[in-house]
Amino acid sequence: MPKIKTVRSAAKRFKKTGTGKFKRNKSLHNHILTKKSPKRLRKLRKSTMVSKSDTKRVARMIPHK
């Protein structure tokens, strides 16, 4: 039986919380920031949870966390 490998790109993007949910950063906060409003940029700073429908997929990509 082969080892189950972690998807490295997913491991860098998601962290598992104590309750078993997955935390992620919001997108669109890396370049072309001048046209985005300060309010929008403030909201993009905060992390959020992975949606319920995607949690199973993320958990499969990161089996050892």
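Below you will find a few notes about this structure.

Analysis parameters
- Residues numbered from 1 in each chain as written.
- Predicted model: local features only at pLDDT ≥ 70, side-chain atom pairs only at ≥ 80, totals over all residues.
- Heavy atoms only, no water.
- Helix = DSSP H or I, 4+ residues; strand = E, 2+ residues; numbered from the N terminus.
- Rg over C-alpha atoms; globule rule 2.2 N^0.38 Å.
- Buried < 20%, exposed > 50% of the residue type's maximum accessible area, 1.4 Å probe, protein only.
- Areas by Shrake-Rupley, 256 points an atom, 1.4 Å probe, with all protein chains shown as cover.
- Salt bridge = Lys/Arg side-chain N within 4 Å of Asp/Glu carboxyl O.
- Pairing = 2+ DSSP bridges.

Some details on the overall build of the chain
Then comes step 1: Helix and strand counts for the chain come out as three helices and three strands.
Then comes step 2: Ordered by position in the sequence, the α and β elements of the chain form the string α-β-β-α-β-α.
Then comes step 3: Taken over the C-alpha trace, the chain has a radius of gyration of 15 Å; the compact-globule value for 65 residues is 11 Å, which it surpasses by more than 25%.
Then comes step 4: Looking at the chain as a whole, 15% of its 65 residues are labelled buried.
Then comes step 5: Carbon together with sulfur atoms contributes 55% to the accessible area of the chain, which is approximately 5900 Å² in total.

Focus on the pattern of salt bridges
Should their charged atoms come close, side chains of opposite charge can pair.
Then comes step 1: In this structure the tally under the stated criterion is one salt bridge.
Then comes step 2: As a salt-bridge pair, Asp54 and Arg57 come within 3.7 Å of each other at their nearest N and O atoms. On the criterion of helical spacing, the pair formed by Asp54 and Arg57 is a turn pair, its members being three residues apart in helix α3 (residues 52-61).
Then comes step 3: Overall, Asp54 belongs to the partly exposed group, its relative accessible area being 28%.
Then comes step 4: On the accessibility criterion, Arg57 (52% relative accessible area) is exposed.

Focus on the environment of Arg60
Then comes step 1: Tracing the sequence through the fold places Arg60 in helix α3.
Then comes step 2: Its relative accessible area of 57% is what places Arg60 among the exposed residues.
Then comes step 3: Taking the C-alpha atoms as reference points, Arg60 and Val7, 53 residues apart in sequence, are found 9.0 Å from one another.

Here we look at the pairing of strand β2 (residues 22-25)
Then comes step 1: As paired strands, strand β1 (residues 15-16) and β2 are joined by two bridges and run antiparallel to one another. Looking at the pairing, Lys16 lines up with Phe22 of β2.
Then comes step 2: Relative to strand β3 (residues 47-49), β2 is paired through three bridges, and the arrangement is antiparallel. Its bridge partner being in β3, Arg24 is matched across the sheet by Thr48.

Function-wise, these values are silent; they only describe arrangement.
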